[in-house]
Amino acid sequence: MKKIIAAIMVILSVTNAHALVSLESLLLGDFSDHYSQYLENIDPITFVFKEKARGKKEFREKLALYRGFILEGENLNNRCERIPKVKYPSYLHETQVKRSTLATLQYLGLDITIRALSEYGKYFEFSDGEYSNMVDNLVGNYCSNNLSIISHRQLKNNMISHFRSNSAGFKLPSINGNPLFPQSLKTINMIDKAREQEFAVTSKLFRAFCSWGGSTDDLRLLVPMLKNPAIMAFVIRSMDSVELGWEKADNTIFKKEAGRGVAIFCQDLICRRKSTDEVHRKFPRSMGYKSFSDDLERVYCSYFRDASYTVKKQVPKIKKIIDSQAPEDEIFLVSQLVSLINGVPDFFISLEKWNDGEVLLRSSMDRSWDEWADERNRKFSRDLMFEEQLTIEKSERRLYHEVHSPKFSVEFDVNLGEYDRINQIIGKVDASFNLKLSKNYLALMRSKWGKLDPKNEKLRSKIIANFKMQITKDVEKVRKMFTNPLWKGDIERIIIVEILEQLVKYEGSFFTHASREKIKIPITFNFAPFALKYLAYKFDLKKEQRKAKSLKESLTTK
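Read on for an overview of the structure. (Residues numbered from 1 in each chain as written. Predicted model: local features only at pLDDT ≥ 70, side-chain atom pairs only at ≥ 80, totals over all residues. Heavy atoms only, no water.)

**A word on the overall build of the chain**
Item 1. Looking only at helices and strands, the chain has 20 helices and eight strands in total.
Item 2. Out of the 558 residues in the chain, the part that is buried amounts to 42%.
Item 3. Of the contacts made within the chain by residues no fewer than 6 positions apart, 75% connect residues no fewer than 24 positions apart. (Helix = DSSP H or I, 4+ residues; strand = E, 2+ residues; numbered from the N terminus. Buried < 20%, exposed > 50% of the residue type's maximum accessible area, 1.4 Å probe, protein only. Contact = heavy atoms within 4.5 Å.)

Below, the structure written as structure tokens:
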């Protein structure tokens, strides 16, 4: 044990200890500085977790503010554990503050959902009549008769007005063109289907906001939004005329004065929008008052964070909705409101199957690894490690063909050097095409080749020549499809002899009955790693040559 500890201490005492030492360092000296820079580019872990400033300023600002929105909610939730419960001099003052806060949430929620619904309606090309019917249904069936901040009539007029407006409207949540998000997220579900599901949740959001009738004891369908700290932090900021800002230099979020906030002040059951300055003056002060925002944060922690539905003596329609809600419905309501506020879609809402959630959660990390792989492939293609020829070698038949199976095929290995030859087929990237030959023709060739006298070279060549007429056109067509043709010699002969040998050695009843049926015979090329690297190098070289030629021609014409 003492020896082991001593050995560890020796290693720790070395200032430049390296887990892996390059061969060049052992032979020629210390290359640690050179390799540390090299590893920054090739090491996948370093690459994936290296901060990269992708995209335009507006994309980075949008994502930063979205992050700030969520973090502000977490901070408010954590603060609830430390701050004392809010107390007011009278129950009347307490009720006035709670009602004003609830009314501000309702106002903001209705404003956002009204504008969003009009854009969804335009997206799905609703007619004027269809949209009006939807508005009548939502307002008539779900809006409280005691709605104070706006009348039912004015609410309908606002919704129709937004829909009919041709001006640039509310922007629906989207990641189109945003390089900060994996674009594969858009393929998890079709955009129209995703918009349908967002539209449905937004309709439920409007229903929830419109359902509240001014009571501080019966919160109706506002409960999920009231309980969410991020949404309530947003409401508090609005009432305090404060907004989030972004510092580009160090990617930090800060609070700043907003040009104009939104605040509702309630006098008894009458709630009206007022300037934030007027609201600050009229708002009742709590006992131990520190600031306007501090009071509102303590109101959230004391009354709204643990809010619950009122079921007893509830309006039948509202009670039915509460009883029918699944656990995830509340989550979707909150996440869609967050999406509408920030412009970043909730991808879980657009999922058709829960199983797709795995793809969703993996997508960001997969994107980082894919980018690393693409970058390494581009760089590897410029480094040729071995000065050897590219070779195509027929794989051993025993590795892919069984004499009792009528599945005939030919496998080739495309190699560059001894490392590629270590394995056949396994661990290589394959590309294949099919030869289509009639069963009767294969049966005939099988019979002729099986009866062939090995010494009869003339008949042997005749059989191969006849077979070659059947496949040469298809093989040549495939050869031309490669950017860098893989072969120049008579590969057809190798293919033909291999197929004929398989036909003769076949043991089974496949050829017992005659048929004109076309049989597919796959011809597969298995590309080894260094061979692929060489082909990529050749491709890049040709591309650069074409660029140079094009530039030269353009200069000549000028």
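**Re the pairing of strand 6 (residues 410-415)**
Item 1. Most of strand 6 is tucked away: six of the six residues are buried.
Item 2. On strand 6, burial covers both faces: V410, F412 and V414 on one face and E411, D413 and N415 on the other are all buried.
Item 3. Bridge analysis of strand 5 (residues 391-394) against strand 6 gives four bridges, and the strand direction is antiparallel. Bridge pairing in strand 6 places E393 opposite D413.
Item 4. In this structure, strand 6 lies alongside strand 8 (residues 518-527), joined through five bridges in parallel fashion. Of the residues in strand 8, the one forming a bridge with V414 is F527. (Pairing = 2+ DSSP bridges.)

**What about helix 6 (residues 91-123)?**
Item 1. An ideal rise of 1.5 Å per residue puts 48 Å on 33 residues; helix 6 measures up with 47 Å between its terminal C-alpha atoms.
Item 2. Most of helix 6 is tucked away: 25 of the 33 residues are buried.
Item 3. Trailing helix 6 by a residue or two, E125 shows a phi angle of about 55°, which is positive. (Expected span 1.5 Å × (residues − 1).)

**Things to note about the side chain of D218**
Item 1. Inspection of the secondary structure assignment puts D218 in the loop between helix 9 (191-211) and helix 10 (223-227).
Item 2. The exposure class assigned to D218 is buried, which follows from its relative accessible area of 16%.
Item 3. A distance of 3.2 Å separates the side chain of D218 from the backbone nitrogen of R220, its partner in a polar contact.
Item 4. If near-sequence neighbours (up to four positions away) are discounted, D218 is found in contact with W212, T310 and Q314. (Polar contact = N/O pair within 3.5 Å; in protein donor to acceptor, adjacent residues only side chain to side chain.)

**Details of helix 17 (residues 439-451)**
Item 1. With 13 residues, helix 17 should reach 18 Å at 1.5 Å per residue; the first-to-last C-alpha distance of 19 Å fits that figure.
Item 2. Taken together, the buried positions of helix 17 are K439, Y441, L442, M445 and W449. One side of helix 17 holds all its buried residues, which, seen down the axis, span an arc of 155°.
Item 3. Turning to helix 17, the residues buried within the fold contact strand 7 (429-438), helix 18 (457-481), helix 19 (491-505) and strand 8. (Arc of directions from axis to C-beta.)

**So, the nonpolar core**
Item 1. Within the largest apolar cluster, 80 residues are counted, with the highest numbers of intra-cluster contacts made by L105, L155, F206 and M225.
Item 2. Among the elements that take part in this core, helix 6 stands out by supplying eleven residues, more than any other.
Item 3. Those residues within four positions of L105 in sequence are excluded, and the remaining contacts are F209, L222, M225, L226, I231, M232 and V235. (Core = buried A, V, L, I, M, F, W, Y, C linked by side-chain atoms within 4.5 Å.)

**A short note on the sheet that holds strand 8**
Item 1. Spatially, the four strands line up as an open sheet ordered 5-6-8-7, and their pairing is mixed. The open sheet is flanked by strand 5 and strand 7, the only strands paired with a single partner. Between one strand and the next, the sheet's axes are offset by a mean angle of 25°, whatever the strand orientation.
Item 2. Of the strands in this sheet, strand 7 and strand 8 are in contact with helix 17, which crosses strand 7 at around 90°. (Axes fitted to C-alpha atoms, helices over the stretch in contact; angles between N-to-C directions.)

**What to know about the pairing of strand 3 (residues 263-267)**
Item 1. With four of its five residues buried, strand 3 lies for the most part within the structure.
Item 2. Of the pairings in the sheet, the one linking strand 3 to strand 4 (residues 270-274) comprises five bridges and is antiparallel in character. Bridge pairing in strand 4 links Q267 to I270.
Item 3. Between strand 3 and strand 4, which pair antiparallel one after the other, the connecting turn spans two residues, and D268 there sits at a positive phi close to 60°.

**Let's talk about the pattern of salt bridges**
Item 1. A complete count under the given rule lists 25 salt bridges for this structure.
Item 2. A salt bridge links K122 to E119; its shortest N-O distance comes to 3.4 Å. Of this pair, K122 and E119 both sit in helix 6, three residues apart, which is roughly one turn of that helix.
Item 3. By relative accessible area, K122 is classed as partly exposed at 27%.
Item 4. With a relative accessible area of 16%, E119 lands in the buried category.
Item 5. The residue K282 makes a salt bridge to E278 at a minimum N-O spacing of 2.8 Å. Highlighted residues: K282 and E278, both in helix 12 (residues 276-282), separated by four residues, approximately one helical turn.
Item 6. Under the relative-accessibility criterion, K282 is labelled partly exposed at 43%. (Salt bridge = Lys/Arg side-chain N within 4 Å of Asp/Glu carboxyl O.)

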